[in-house]
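As a plain string of letters, each chain reads:
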Amino acid sequence: MGGKRVVRRKISTNDDYMDKLNKLARACNYTPAEFAMKIICAALDSPPFVHSIQKKYTREGRLWVSIQRGENGKADYKIETGYEFVRQVRSIRKDRYLNFQRDKRLSISLSNEYDKKMGLLVTSLACKKAELAALILHFSLDSDQIVMQLQDIYCVQNHLRVTPLVVNGEVSYVYLSA
């Protein structure tokens, strides 16, 4: 009777990121929402990613979340007590990953396990879960290493593989010819 419980999240994005997500999802035979969920879950299980995002966006005096591999191989989150918790709620500083026109909405489903991890991380960053999900998604779609790694794992249609190109500071995707 049970089954996995999931939490629905609505992410706001724009045409540019939605186009990138559509191209990657098409190459991997997933819907954009399913592939966005895979990207976000992979990022939440990556210790270097969690560390770098906290280092960039956490303000002084906030909680720090450390991530370690458990016995089962999954990532376990732990709140570091060496940092003093400040109750003032401030939004994270807006940069190009969060300061964008929000004209597209994407609805994703996360398991309770990943929603809990996201909850601990948003406490550290003082932001909303939807903002964190959009930040992870946009950051991942603009990273050539992450895009290529995701395609190595999930891509089933090689003629639809893309490569990220940086032109004038903007990342665009170009189809690779087989």
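Rules and cut-offs
- Residues numbered from 1 in each chain as written.
- Predicted model: local features only at pLDDT ≥ 70, side-chain atom pairs only at ≥ 80, totals over all residues.
- Heavy atoms only, no water.
- Helix = DSSP H or I, 4+ residues; strand = E, 2+ residues; numbered from the N terminus.
- Buried < 20%, exposed > 50% of the residue type's maximum accessible area, 1.4 Å probe, protein only.
- Contact = heavy atoms within 4.5 Å.
- Areas by Shrake-Rupley, 256 points an atom, 1.4 Å probe, with all protein chains shown as cover.
- Core = buried A, V, L, I, M, F, W, Y, C linked by side-chain atoms within 4.5 Å.
- Salt bridge = Lys/Arg side-chain N within 4 Å of Asp/Glu carboxyl O.
- Phe/Tyr/Trp six-rings, centres within 6.5 Å; stacked < 30°, edge-to-face > 60°.

J.: Hey, could you run me through the overall build of the chain in this one?
T.: Along its length, the chain carries six helices and six strands. What you see in the chain, going N to C, is helices and strands ordered as β-α-α-α-β-β-β-α-α-α-β-β. The buried share of the chain, taken over its 178 residues, is 46%. Here the analysis covers contacts within the chain between residues at least 6 apart in sequence; of these, 65% occur between residues at least 24 apart. Accessible surface for the chain amounts to roughly 10,200 Å². Of this, 50% is attributable to carbon and sulfur atoms.

J.: Where do I start with the nonpolar core in this structure?
T.: It is characteristic of soluble globular proteins that their nonpolar side chains tend to be buried jointly. Formed by 46 residues in total, the largest nonpolar core has its most connected members in Ile40 and Leu132. Not counting chain neighbours up to four residues away, the residues in contact with isoleucine 40 comprise Ile11, Ile108, Leu110, Met118, Ala133 and Ile136.

J.: Looking at this model, I keep getting lost on the pattern of salt bridges. Mind explaining?
T.: Pairing of side chains with opposite charge becomes possible as their charged atoms draw close. Summed over all chains, the structure comprises nine salt bridges. For lysine 117, the salt bridge goes to glutamate 113, with nearest N and O atoms at 3.4 Å. Placement of both lysine 117 and glutamate 113 in helix 4 (residues 112–125) is noted, with a separation of four residues, approximately one turn of the helix. By relative accessible area, lysine 117 is classed as buried at 6%.

J.: It is not clear to me how the packing of aromatic side chains should be interpreted in this structure. Could you clarify?
T.: Ring pairs (aromatic) are described by centroid distance and by the angle formed between their planes. Under the counting rule described, the total for this entry stands at four aromatic pairs. Centre to centre, the rings of tyrosine 30 and tyrosine 154 are 5.9 Å apart; their planes meet at 85°, and the pair counts as edge-to-face. Within this pair, whereas tyrosine 30 is found in the loop between helix 1 (15–27) and helix 2 (32–44), its partner tyrosine 154 is found in helix 6 (residues 144–154), the two being separated by 124 residues in sequence. Under the relative-accessibility criterion, tyrosine 30 is labelled partly exposed at 28%. When the centroid spacing of 6.0 Å and the interplanar angle of 85° are considered together, the rings of phenylalanine 35 and tyrosine 154 count as edge-to-face. Here phenylalanine 35 is found in helix 2, whereas its partner tyrosine 154 is found in helix 6, with 119 residues between them in sequence. The exposure class of tyrosine 154 is partly exposed, given its relative accessible area of 22%. Every member of this aromatic cluster is reached through a ring pair, and the members are Tyr30, Phe35 and Tyr154.

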